[in-house]
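Tertiary structure, described
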Amino acid sequence: QVQLVQSGGGSVQPGGSLNLSCVASGDVISINAMVWYRQAAGKAQELVARFITGADPTYEDPVKGRFTISRDNAKNAVYLQMRNLKPEDTAVYYCNGAVSTPQSTAGSWYWGQGTQVTVSS
(Lines give C-alpha, C1' and ligand atoms only; values in the text may rest on other atoms or scores of the structure.)
Protein backbone atom coordinates (compact mmCIF):
# COMPACT_ATOMS: atom_id res chain seq x y z
CA GLN A 1 0.00 0.00 0.00
CA VAL A 2 1.35 3.39 -1.02
CA GLN A 3 0.60 6.64 0.74
CA LEU A 4 1.49 10.15 -0.28
CA VAL A 5 2.00 12.26 2.81
CA GLN A 6 2.08 16.01 2.46
CA SER A 7 3.65 18.56 4.75
CA GLY A 8 4.84 22.12 4.75
CA GLY A 9 1.72 24.22 4.44
CA GLY A 10 0.97 27.17 6.66
CA SER A 11 0.36 30.89 6.76
CA VAL A 12 2.62 33.51 5.26
CA GLN A 13 2.47 37.16 4.36
CA PRO A 14 2.35 38.29 0.74
CA GLY A 15 5.78 38.04 -0.79
CA GLY A 16 6.76 35.21 1.47
CA SER A 17 7.78 31.65 0.67
CA LEU A 18 6.66 28.16 1.59
CA ASN A 19 7.90 24.73 0.63
CA LEU A 20 5.48 21.84 0.29
CA SER A 21 6.57 18.23 0.48
CA CYS A 22 4.92 15.11 -0.85
CA VAL A 23 6.57 11.88 0.29
CA ALA A 24 5.63 8.45 -0.94
CA SER A 25 5.74 5.70 1.62
CA GLY A 26 5.22 1.97 1.24
CA ASP A 27 6.63 -0.42 -1.30
CA VAL A 28 7.77 2.31 -3.68
CA ILE A 29 10.03 1.70 -6.63
CA SER A 30 9.85 5.17 -8.10
CA ILE A 31 7.69 8.24 -8.55
CA ASN A 32 7.12 8.50 -12.28
CA ALA A 33 5.07 11.67 -12.34
CA MET A 34 3.68 14.20 -9.92
CA VAL A 35 0.96 16.76 -10.35
CA TRP A 36 0.25 19.55 -7.92
CA TYR A 37 -3.30 20.89 -7.73
CA ARG A 38 -4.91 23.47 -5.54
CA GLN A 39 -8.44 24.28 -4.56
CA ALA A 40 -9.45 27.59 -3.10
CA ALA A 41 -12.58 27.85 -0.99
CA GLY A 42 -15.64 27.89 -3.19
CA LYS A 43 -13.66 27.32 -6.36
CA ALA A 44 -12.89 24.39 -8.60
CA GLN A 45 -9.67 22.48 -8.31
CA GLU A 46 -6.97 23.82 -10.60
CA LEU A 47 -3.71 22.48 -11.92
CA VAL A 48 -0.62 24.18 -10.57
CA ALA A 49 2.42 22.31 -11.84
CA ARG A 50 3.52 18.86 -12.91
CA PHE A 51 6.46 16.78 -13.91
CA ILE A 52 6.95 13.53 -15.72
CA THR A 53 10.23 11.67 -15.35
CA GLY A 54 12.44 12.48 -18.28
CA ALA A 55 10.76 15.77 -19.10
CA ASP A 56 11.03 19.30 -17.78
CA PRO A 57 8.42 20.37 -15.24
CA THR A 58 5.58 22.53 -16.47
CA TYR A 59 3.82 25.29 -14.61
CA GLU A 60 0.51 27.03 -15.07
CA ASP A 61 0.62 30.71 -15.87
CA PRO A 62 -0.50 32.00 -12.43
CA VAL A 63 2.52 30.41 -10.76
CA LYS A 64 5.11 30.44 -13.52
CA GLY A 65 8.35 31.99 -12.37
CA ARG A 66 7.35 31.74 -8.71
CA PHE A 67 6.86 28.00 -8.09
CA THR A 68 9.42 25.27 -8.66
CA ILE A 69 9.11 21.49 -8.53
CA SER A 70 12.06 19.47 -7.31
CA ARG A 71 12.51 15.88 -6.27
CA ASP A 72 14.67 13.67 -4.10
CA ASN A 73 14.55 10.16 -5.49
CA ALA A 74 16.38 8.70 -2.52
CA LYS A 75 13.63 9.95 -0.22
CA ASN A 76 10.75 9.28 -2.65
CA ALA A 77 9.88 12.91 -2.22
CA VAL A 78 8.69 15.70 -4.46
CA TYR A 79 8.72 19.31 -3.39
CA LEU A 80 6.87 22.41 -4.48
CA GLN A 81 8.86 25.52 -3.66
CA MET A 82 6.64 28.58 -3.65
CA ARG A 83 8.10 32.08 -3.69
CA ASN A 84 6.63 35.57 -3.85
CA LEU A 85 3.33 34.23 -2.65
CA LYS A 86 0.17 36.20 -3.31
CA PRO A 87 -3.20 36.19 -1.55
CA GLU A 88 -4.68 34.48 -4.60
CA ASP A 89 -2.38 31.52 -3.94
CA THR A 90 -4.42 30.75 -0.83
CA ALA A 91 -5.84 27.25 -1.24
CA VAL A 92 -5.56 23.64 -0.19
CA TYR A 93 -2.74 22.10 -2.19
CA TYR A 94 -2.80 18.45 -3.22
CA CYS A 95 -0.15 16.22 -4.74
CA ASN A 96 -1.20 13.48 -7.12
CA GLY A 97 1.54 11.07 -7.98
CA ALA A 98 2.07 8.12 -10.29
CA VAL A 99 4.04 5.62 -8.25
CA SER A 100 5.59 2.37 -9.39
CA THR A 101 5.49 -0.57 -7.01
CA PRO A 102 6.34 -4.25 -7.42
CA GLN A 103 2.60 -4.85 -7.86
CA SER A 104 2.20 -2.05 -10.41
CA THR A 105 5.43 -1.39 -12.27
CA ALA A 106 3.66 0.85 -14.76
CA GLY A 107 2.52 3.01 -11.87
CA SER A 108 -0.71 3.77 -10.11
CA TRP A 109 -2.01 7.19 -9.11
CA TYR A 110 -2.29 8.26 -5.50
CA TRP A 111 -3.41 11.44 -3.78
CA GLY A 112 -1.89 13.27 -0.88
CA GLN A 113 -4.12 14.38 1.95
CA GLY A 114 -3.89 18.06 1.11
CA THR A 115 -2.25 20.92 2.94
CA GLN A 116 -3.54 24.44 3.55
CA VAL A 117 -1.61 27.43 2.29
CA THR A 118 -2.82 30.83 3.44
CA VAL A 119 -1.33 34.06 2.17
CA SER A 120 -2.57 37.07 4.06
CA SER A 121 -1.32 40.28 5.57
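Predicted model, so just to flag it, every value in this text is computed and none were measured.

Helices and strands together make up the secondary structure of the chain, namely zero helices and eleven strands. When the helices and strands of the chain are read in sequence order from the N terminus, they spell out β-β-β-β-β-β-β-β-β-β-β. Here the C-alpha atoms of the chain give a radius of gyration of 14 Å, agreeing with the 14 Å that 2.2 N^0.38 yields for 121 residues. With the principal axes as the frame, the chain shows a C-alpha extent of 45 × 25 × 25 Å. Taking the intrachain contacts of the chain between residues at least 6 apart in sequence as the baseline, contacts between residues at least 24 apart amount to 56%.

So, about the nonpolar core. Of all hydrophobic cores here, the largest spans 29 residues; its most connected members are Met34, Trp36, Phe67, Leu80, Met82 and Tyr93. Looking at this core, the elements that each hand over two or more residues are β3 (18-25), β4 (30-39), β5 (46-52), β7 (67-72), β8 (77-82), β9 (91-101) and β11 (115-119). Leave out the neighbours within four places in its chain, and Leu80 touches Leu18, Asn19, Leu20, Trp36, Val48, Ala49, Phe67, Thr68, Ile69 and Tyr93.

A word on the layout of surface pockets. Taken as a whole, the largest pocket holds about 160 Å³ of empty space. As for the largest pocket, its lining consists of 13 residues, of which Arg38, Ala40, Lys43, Glu46 and Glu88 are closest to the centre. A per-class count over the lining of the largest pocket returns four nonpolar, two polar and seven charged.

Counting across every chain of the model gives two aromatic pairs. Relative to Trp111, the ring of Tyr37 lies with its centre 5.4 Å away and its plane at 35°, an arrangement referred to as tilted. Of this pair, Tyr37 sits in strand β4 while Trp111 sits in strand β10 (residues 104-111), placing them 74 residues apart in sequence. Arranged with centres 6.3 Å apart and planes meeting at 85°, the rings of Tyr94 and Trp111 form a pair that is edge-to-face. Within this pair, whereas Tyr94 is found in strand β9, its partner Trp111 is found in strand β10, the two being separated by 17 residues in sequence. An aromatic cluster is built from Tyr37, Tyr94 and Trp111, whose rings are joined through pairwise contacts.

This part covers the sheet that holds β7. Ordered by their spatial adjacency, four strands build an open sheet running β1-β3-β8-β7, and the pairing between neighbours is antiparallel. Strands at the two margins of the open sheet, each flanked by one partner only, are β1 (3-7) and β7. Taken pair by pair, the neighbouring strands of this sheet meet at an average axis angle of 20°, ignoring direction. Both β1 and β3 contribute to a ladder of five bridges, which runs antiparallel. Bridge pairing in β3 places Gln6 opposite Cys22.

The rules behind these values
Residues numbered from 1 in each chain as written. Predicted model: local features only at pLDDT ≥ 70, side-chain atom pairs only at ≥ 80, totals over all residues. Heavy atoms only, no water. Helix = DSSP H or I, 4+ residues; strand = E, 2+ residues; numbered from the N terminus. Rg over C-alpha atoms; globule rule 2.2 N^0.38 Å. Contact = heavy atoms within 4.5 Å. Core = buried A, V, L, I, M, F, W, Y, C linked by side-chain atoms within 4.5 Å. Buried < 20%, exposed > 50% of the residue type's maximum accessible area, 1.4 Å probe, protein only. 1 Å grid on protein atoms, 1.4 Å probe; cavity = no way out; pocket = protein on both sides within 12 Å on 5 of 7 lines; lining within 4 Å. Points joined across faces, edges and corners; volume = space filled by probe spheres on them. Nonpolar A, V, L, I, M, F, W, Y, C, P; charged D, E, K, R; others polar. Phe/Tyr/Trp six-rings, centres within 6.5 Å; stacked < 30°, edge-to-face > 60°. Pairing = 2+ DSSP bridges. Axes fitted to C-alpha atoms, helices over the stretch in contact; angles between N-to-C directions.

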